[in-house]
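Given next are the chains, with one letter for each unit.
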Amino acid sequence: MHKPFGVLSQFTSEPNSRWDSLSDWVDVPGVYPAGRLDADSEGLLLLTANGRLQQRLTDPRFGHWRTYWVQVEGTPIPSQLEALRQGVVVQKQRTRPARVEPLTTACWQALPEREPPIRTRRSIPTTWLKISLTEGRNRQVRRMTATVGLPTLRLIRHSVDLMDGGPPLSLDNLGSGEWRAVTANEQDRLMALLKRPARHRSTSQP
């Protein structure tokens, strides 16, 4: 599923919440998200009824790289990007090494505008980054970029690497709010994950 802005990563609505829940967008009983995105974030959610698969995809011991397209306020300098790559202290705990690089212009220009649009200041430029992590602490990407002086304006999870040599699961061909069933090949790859032990985490740049 391509989760839109303003949707909670759960099927139960919160009392008096201004946010939608997944049940407002997906009419499939018995599934739940493998991992989560904050309501003010967008992007890829894998919905499953398989508890073992959910654990396999979200446990950082298995080192699944999750890639985010992140619009930040300001123009990064090399030292800020290197700090993100090496890990920064967030809530008294250092983050694991990340993969960080500028997002290509073709990628971010092809994105539809967020609804509602982000708030920008004309006097301050914005920059798109591609950030990949193997962990998913609460609001981690936003806290990381803020720590190095690059506040996040828009956050989109683009892909999840199954670490099996095949293409990552991604948002390709999914518009905001759309979802699809996995293909037979994707299903086989996901089930194969349950037979594989944890692998050594790689921290090299792509």
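Structure shown above.
Rules behind the numbers
- Residues numbered from 1 in each chain as written.
- Predicted model: local features only at pLDDT ≥ 70, side-chain atom pairs only at ≥ 80, totals over all residues.
- Heavy atoms only, no water.
- Helix = DSSP H or I, 4+ residues; strand = E, 2+ residues; numbered from the N terminus.
- Rg over C-alpha atoms; globule rule 2.2 N^0.38 Å.
- Buried < 20%, exposed > 50% of the residue type's maximum accessible area, 1.4 Å probe, protein only.
- Contact = heavy atoms within 4.5 Å.
- Lys, Arg positive; Asp, Glu negative; His and termini not counted.
- Charge placed at Lys NZ, Arg CZ, Asp CG, Glu CD.
- Core = buried A, V, L, I, M, F, W, Y, C linked by side-chain atoms within 4.5 Å.
- Axes fitted to C-alpha atoms, helices over the stretch in contact; angles between N-to-C directions.
- Parallel < 35°, antiparallel > 145°, perpendicular 65-115°, else oblique.
- Nonpolar A, V, L, I, M, F, W, Y, C, P; charged D, E, K, R; others polar.
- Phe/Tyr/Trp six-rings, centres within 6.5 Å; stacked < 30°, edge-to-face > 60°.
- Lys NZ or Arg CZ within 6 Å of the ring centre and 35° of its normal.
- Salt bridge = Lys/Arg side-chain N within 4 Å of Asp/Glu carboxyl O.
- Arc of directions from axis to C-beta.
- Polar contact = N/O pair within 3.5 Å; in protein donor to acceptor, adjacent residues only side chain to side chain.

When you go through the protein residue by residue, the secondary structure sums to 5 helices and 11 strands. For the protein, whose C-alpha radius of gyration is 17 Å, the value lies close to the compact-globule estimate of 17 Å for 206 residues. Dimensions of the protein along its principal axes, counting C-alpha atoms only, are 45 × 40 × 35 Å. Relative to its full complement of 206 residues, the protein shows a buried share of 45%. Taking the contacts inside the protein whose residues are at least 6 apart along the sequence as the reference set, 70% of them involve residues at least 24 apart. In the protein, the 29 positive side-chain charges and the 20 negative ones have mean positions that sit 8 Å from each other.

A word on the nonpolar core. Y68, V70, V100, I131, L133, V141 and M144 are the most contacted members of the largest nonpolar core, which totals 23 residues. Of all the secondary-structure elements, those providing two or more residues to this core are β5 (66–73), α2 (78–86), β9 (126–133) and α4 (140–147). Setting aside its immediate chain neighbours within four residues, V70 contacts T127, W128, L129, I131, V141, T152, R154 and L155. Counting residues in each nonpolar core, the second largest holds 17 residues, with L44, L111, W128 and L194 among its members.

This brings us to the packing of helix α1 (residues 51–58) against helix α5 (residues 184–193). At a minimum axis separation of 9 Å, α1 and α5 run at an interaxial angle of 80°. Relative to α5, the element α1 lies roughly perpendicular. Touching L53, R56 and L57 of α1 are L190, M191 and L193, all from α5. In the contact of α1 with α5, the residues fall into 5 nonpolar, no polar and 1 charged.

This brings us to the packing of aromatic side chains. Under the defined criterion, the tally for this structure stands at 1 aromatic pair. Ring centres of F5 and W19 lie 5.8 Å apart, and the angle between their planes is 85°; on these two criteria the pair is classed as edge-to-face. Of this pair, F5 sits in the loop between β1 (2–3) and β2 (32–33) while W19 sits in the loop between β1 and β2; the two residues are 14 residues apart in sequence, bridging distant segments of the chain. Residue F5 is classed as buried on the basis of its relative accessible area of 18%. Seen from the ring of W65, R99 lies directly overhead, with NZ or CZ sitting 3.9 Å from the centre. Taking the ring centre of F5 as reference, the NZ or CZ of R114 above it sits at 3.9 Å.

Tallied over the entire structure, the rule returns 10 salt bridges. A salt bridge links D38 to R139; the shortest N-O distance between them is 3.3 Å. Remark: R139 occurs in the loop between β9 and α4 and D38 occurs in the loop between β2 and β3 (42–44); sequence separation between them is 101 residues. A relative accessible area of 12% places D38 in the buried class. The exposure class assigned to R139 is partly exposed, which follows from its relative accessible area of 30%. For R85, the salt bridge goes to E82, with nearest N and O atoms at 3.3 Å. Linking R85 with E82, this pair stays in helix α2, spanning 3 residues, or about one helical turn.

Along α1, the residues that are buried comprise L53, R56 and L57. Each buried residue of α1 sits inside an arc of 90° when the element is viewed along its axis, so together they form one side. Buried residues along α1 sit in contact with β4 (47–48), β5 and α5. Backbone nitrogen of R52 and a side-chain oxygen of the N-cap are separated by 3.0 Å at the start of α1; the cap is N50.

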